[in-house]
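An overview of the molecular structure
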Amino acid sequence: MGASQVYNFSEPVCSWQGVFCDTKQEFVVKFVAHGLGLSGLISDNTIGKLKKLQSLDLSSNRITGLPSDFWSLGSLKSLNLSFNQISGSLSSNIGNFGLLKSLDLSFNSFSGYIPEAISSLANLQVLKLQHNGFQSSIPRGMLNCRSLVSIDFSRNLLNGTLPKGFAAAFPKLNSLNLADNEIHGRGSDFSGMVSVTFLNISSNLFQGSIVDVFGGPLEVIDLSNNQFQGHISQVNLSSSFNWSQLVFLDLSENQLGGMFFENLNKARSLRYLNLAYNRFSEQKFFQIDNFPNLEYLNLSRTNLIGHLPVEFSLLSNLRTIDLSKNHLVSRIPPLSTKKLQSFDVSYNNLTGNIPSSILEKLPWMEKFNFSYNNLTLCATRFSTKTLKSAFIGLSNSCPIAANPSLFKRKSTTHRGLKLALVLAFSLICLLVGLLFLAFGCRRKTRMWAVKQYSYKEEQIISGPFSFQTDSTTWVADVKQATSVPVVIFEKPLLNFTFADLLSATSNFDRGTLLAEGRFGPVYRGFLQGGIHVAVKVLVHGSTMTDHEAARELEYLGRIKHPNLVPLTGYCLAGEQRIAIYDYMENGNLQNLLHDLPLGIQTIEDWSTDTWEEDDNDGIQNVGSEGLLTTWRFRYKIALGTARALAFLHHGCSPPIIHRDVKSSSVYLDMNLEPRLSDFGLAKIFGHCVEDEIARGTPGYVPPEFLLPETDSPRGATPNSDVYGFGIVLFELVTGKKPAQDAYEDKETTLVSWVRGLVKKNEGSRAIDPKIRGTGPESRFVEALKIGYLCTADLPSKRPSMQQVVGLLKDIEPCMNY
């Protein structure tokens, strides 16, 4: 686990970093190893020997498994294993920890049931299991844990209903988080909670009335994205609820009707209010100045009518205002913009000018939208892109007061001379423009023009949408671009929509196209708030429903590893599934290793535009290409890619098979760390993808995919991923392409060529001349031998990716990657 790099074994144990002993310095009672880079399985006879241990913190490492003697630590009172890579089921031996008060297993890859043995933890006060893959229903044995103060089961795969008597079973419970599961139930399941102040059951399948939820000392209530129904005014009957202490209320994305409840005006401590996307009756604004502490207000699509209240100017703490998709009229009142970061009043009937105080604040705001109103805008200070995304449909009219120079008296003496100069200058500019246009046409094979859209064209965007590149066409049947949400996992409060994706990618214009991969185009985009993304449109479609696809993409978004390209978010637009990734600044390995030195960008998966052509046909920003001439850097890429695949195969449950491992799937981020892309997408694509992959990239197809007697493709397995990695390893050592490169025989491929040399103990002949001399030749040959094992004809003869990682580490034991 790398402990020798952290601890000095010659020193007394009680003097080690993070080790705390009892007063007599005889027994270790507390061990803190947070974020020390520990990885792999914990060995037996290590931690398990600390029989008096009361507190253990191994959080924020890369631990993948626990030792068999771990469960003998019967004295534990606090256990923190969060932010690791532990997978598989949680052992029923957890019941051995009868003294445990705090258990944190969050942000791992646990799966299976929560064991009934948890009923033995009668002293448990804090239980954190969020961000795992726990399945089935919450065990009834939990009701025995009556000392619980905090429960967090959010972002798992839990379903079923809550155990009967759940709400009343925990008299000391202060915080309950069940968000992002598939738990069924009704609001009455939460009646009887006498001490809960924090309740989050968002993104589940609860339904019925919410009246019973409002009770006790609740300060935070999040019931969003469920199926609650009925008239919200019924909550008024809950006279026992203390509205004055409510701080956070989110009832968005339900099916609530009626009028806003009157008692809401008593919630003067409210800071966050979201009632968006319900079925309320038409109503005017409530007394907004009753909420002096309000920071977030979202009343989008709540059927508001009438004027915006002038009392908005009194709310100096507001950071976010979303009043879009209502029926508001008249002018926008003056607002306190000191803290305002997001302002959306699109799709209303507002008139008049946008207040100057708001216009001056816009360049520093994260998000704003005034589109589809009857507002007037003097647009001299905004770019065309901003006008097309945030001011659609506004009349562009600048009064004289907006241009003080118009007040100056014109001189009549030299007016004719000035007019002649202006005309001459205009003619010169026209001639220069024509020359540039002619020159540009000659270079059109090297550059893509960004298409400019007129306002009339922009109106077509309100759907259905149709986008076309030179090689692919896809249509998203979306009636309103702003009605389709874009989910960004790390920034859930930023309410992005499909319209924001259109703006970020210039309406999926060819000028923002990064690549046309086998399964759809990839576009570069900048979402508001400085989020740099790569937008992958999965054009093949899927038999999955929207809900199933969303669940799968949410699951992939939870998979984090330093050597995987993070899935930032997603959008379900009509028939299309759109995956949003972090943008990788330094391109992919195929471009860097094979194409970049020639100044060529291939269109395969995610080609990047990080490098640009200058007037001398040179290459800018090629620091990463220069590094590729060293063995140390190529080894780093190989080990990082192997670790990513090992995590997918052995750290995820069920294992994730990549299905298309190749050099163009390996990216380098801004820190030049290798990251593997496109994992887990095959399930969303559907079965047709496996056939296409099996017939796919020349030089990477495993021999078992095409059997001579049937000539039919075979399904992918972890072994086929290992084969692909072996070829990537060959590429890194030899610098050659897997096919269509210069070999001694035209029928030879990289695999057959290298395997033939390794068999004859002549592997050194295959070493790339660019890296010769940057490391011992014996290490290059050892890497080729590992690739030889990975590319064995029989899948059963290939090592696992965990074994490959170990073999690679043995080559360079002193290099700490």
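The model shown is predicted, which means the values in this text are computed figures rather than measured ones. (Residues numbered from 1 in each chain as written. Predicted model: local features only at pLDDT ≥ 70, side-chain atom pairs only at ≥ 80, totals over all residues. Heavy atoms only, no water.)

**Concerning the overall build of the protein chain**
What the protein chain contains, in helices and strands, is 15 helices and 42 strands. Counting all 817 residues of the protein chain, 52% fall into the buried class. As displayed, the protein chain has an accessible area near 36900 Å², and 52% of this comes from carbon and sulfur atoms. (Helix = DSSP H or I, 4+ residues; strand = E, 2+ residues; numbered from the N terminus. Buried < 20%, exposed > 50% of the residue type's maximum accessible area, 1.4 Å probe, protein only. Areas by Shrake-Rupley, 256 points an atom, 1.4 Å probe, with all protein chains shown as cover.)

**Some words on the pairing of strand β17 (residues 205-208)**
In β17, alternate side chains face the same way, and those of F206 and G208 are buried while those of L205 and Q207 on the opposite face are not. Sheet topology note: the strand β15 (residues 184-186)/β17 ladder contains 3 bridges and is parallel. Residue pairing in the sheet places G185 in a bridge with F206 of β17. Sheet topology places β17 next to strand β19 (residues 227-231); 2 bridges connect them, and they run parallel. (Pairing = 2+ DSSP bridges.)

**Side note on the side chain of T197**
Secondary-structure assignment places T197 in the loop between β15 and β16 (198-200). For T197, a relative accessible area of 16% puts it in the buried group. If we ignore the near neighbours within four places in the chain, the residues touching T197 are N174, P217, L218, E219 and V220. (Contact = heavy atoms within 4.5 Å.)

**Quick notes on the pattern of salt bridges**
Side chains that differ in sign of charge can pair as their charged atoms come close. If you walk through the whole model with that rule in mind, you get 13 salt bridges. The partner of R577 in a salt bridge is D546, with the nearest N and O atoms 3.1 Å apart. On the criterion of sequence distance, the pair formed by R577 in strand β40 (residues 576-582) and D546 in helix α6 (residues 546-557) is long-range, its members being 31 residues apart. Ionic pairing is found between R634 and D768, a salt bridge with its closest N-O pair at 3.0 Å. Placement of the pair is R634 in helix α9 (residues 631-650) and D768 in the loop between α13 (750-759) and α14 (777-790), with a sequence separation of 134 residues. (Salt bridge = Lys/Arg side-chain N within 4 Å of Asp/Glu carboxyl O.)

**Some thoughts on the side chain of D222**
Structurally, D222 can be placed in strand β18 (residues 220-222). It is R155 that comes nearest to the buried, bridge-free D222 among opposite-charge side chains, at 12 Å. Polar contacts involving the side chain of D222 include one to the side chain of S224, which spans 2.7 Å. What D222 contacts, discounting residues up to four positions off in sequence, is L199, N200, I201, S202, F248 and D250. (Lys, Arg positive; Asp, Glu negative; His and termini not counted. Polar contact = N/O pair within 3.5 Å; in protein donor to acceptor, adjacent residues only side chain to side chain.)

**A few points about unusual backbone geometry**
At R301, a position not held by glycine, the phi torsion is positive, near 50°. Looking at the secondary structure, you find R301 in the loop between β24 (296-298) and β25 (305-307). For S506, which is not glycine, the phi dihedral falls at a positive 55°. You can see S506 is positioned in the loop between α5 (498-504) and β36 (513-517).

**Things to note about the packing of α9 against helix α15 (residues 801-811)**
Taken N-terminus to C-terminus, the directions of α9 and α15 make an angle of 155°; their axes are 8 Å apart at the nearest point. In terms of their interaxial angle, α9 and α15 are classed as roughly antiparallel. The two elements α9 and α15 cross, and the hand of that crossing is left-handed. On α15, the residues touching W631, Y635, A638, L639, A642, R643, L645, A646, H649 and H650 of α9 are M801, Q802, V804, V805, L808, K809 and I811. (Axes fitted to C-alpha atoms, helices over the stretch in contact; angles between N-to-C directions. Parallel < 35°, antiparallel > 145°, perpendicular 65-115°, else oblique. Left-handed = near helix turned anticlockwise from the far one by under 90°.)

**Quick look at the sheet that holds strand β9 (residues 109-112)**
Pairing is parallel across the open sheet formed by 4 strands, whose spatial order is β7-β9-β11-β13. Of all the strands in the sheet, the pair left with one neighbour each is β7 (87-89) and β13 (157-158). Strand direction decides the pairing type here: strand β11 (residues 133-136) and β13, joined by 2 bridges, are parallel. Within the sheet, the bridge partner assigned to Q135 lies in β13 and is L157.

**Structural notes on the state of the cysteines**
Covalent bonding between the sulfur atoms of two cysteines is what defines a disulfide. Applying the stated criterion to the full structure yields 1 disulfide. Note that C14 is cross-linked by a disulfide to C21, the S-S spacing being 1.9 Å. Looking along the S-S bond of the C14-C21 disulfide, the torsion reads about -95°, which is the left-handed sense. In this structure C14 comes out as partly exposed when scored by relative accessible area, which is 24%. (Disulfide = S-S within 2.5 Å.)

**What to know about the confidence of the model for the protein chain**
The predicted coordinates ought not to be read in detail in places where the model reports low pLDDT. Overall, the prediction assigns the protein chain a mean pLDDT of 79, with 77% of residues at 70 or greater. pLDDT under 50 marks residues 709-713. Its contacts with residues more than four places away, or in other chains, come to 9 contacts. (pLDDT = per-residue confidence, 0-100.)

**Overview of the sheet that holds β15**
Pairing is parallel across the open sheet formed by 5 strands, whose spatial order is β15-β17-β19-β21-β23. Among the strands making up the open sheet, the edge pair consists of β15 and β23 (279-280).

**Section: α13**
The element α13 is largely enclosed, with a buried count of 7 among its 10 residues. Residues of α13 that are buried include every one of L750, V751, W753, V754, R755, L757 and V758, and no others. For α13, the secondary structure elements touched by its buried residues are α12 (718-734) and α14. Following α13 by one or two positions, N761 adopts a phi angle in the positive range, close to 60°.

**Some words on the packing of α13 against α14**
Close contact between α13 and α14 brings their axes to 10 Å; oriented N to C, the two are set at 115°. Handedness of the crossing formed by α13 with α14: left-handed. Every residue of α14 that contacts α13 at V754, R755, V758 and K759 is listed here: L784, K785 and Y788.

**So, the packing of aromatic side chains**
For the coordinates displayed, the defined rule picks out 27 aromatic pairs. When the ring of F285 is compared with that of F286, the centres are 5.8 Å apart and the planes differ by 50°; the resulting orientation is tilted. Each member of the aromatic cluster is reached from another via a ring pair, and the members are F260, F280, F285, F286, F291 and F312. In this arrangement the basic side chain of R755 is found over the ring face of Y788, its NZ or CZ atom lying 4.0 Å from the centre. (Phe/Tyr/Trp six-rings, centres within 6.5 Å; stacked < 30°, edge-to-face > 60°. Lys NZ or Arg CZ within 6 Å of the ring centre and 35° of its normal.)

**Here we look at the environment of R779**
Turning to its location among the elements, R779 is positioned in helix α14. By relative accessible area, R779 is classed as partly exposed at 29%. Note: C-alpha distance between R779 and Y635 (144 residues apart in sequence) is 9.8 Å. When near neighbours in sequence (up to four residues on either side) are disregarded, R779 contacts W631, I811 and E812.

**Topic: α6**
Taking 1.5 Å per residue, 12 residues should reach 16 Å; α6 reaches 16 Å between its end C-alpha atoms and fits that length. The element α6 is extensively covered by neighbouring structure, given that 9 of its 12 residues are classed as buried. (Expected span 1.5 Å × (residues − 1).)

**Observations concerning the nonpolar core**
Counting 115 residues, the largest nonpolar core has F312 and F370 as the members making the most contacts within it. Listing elements by their share of this core, those giving two or more residues are β1 (19-21), β2 (28-32), α1 (356-361) and β31 (374-377). In terms of nonpolar packing, the next biggest core, distinct from the first, is built from 72 residues, I559, W631, F730 and L732 among them. (Core = buried A, V, L, I, M, F, W, Y, C linked by side-chain atoms within 4.5 Å.)

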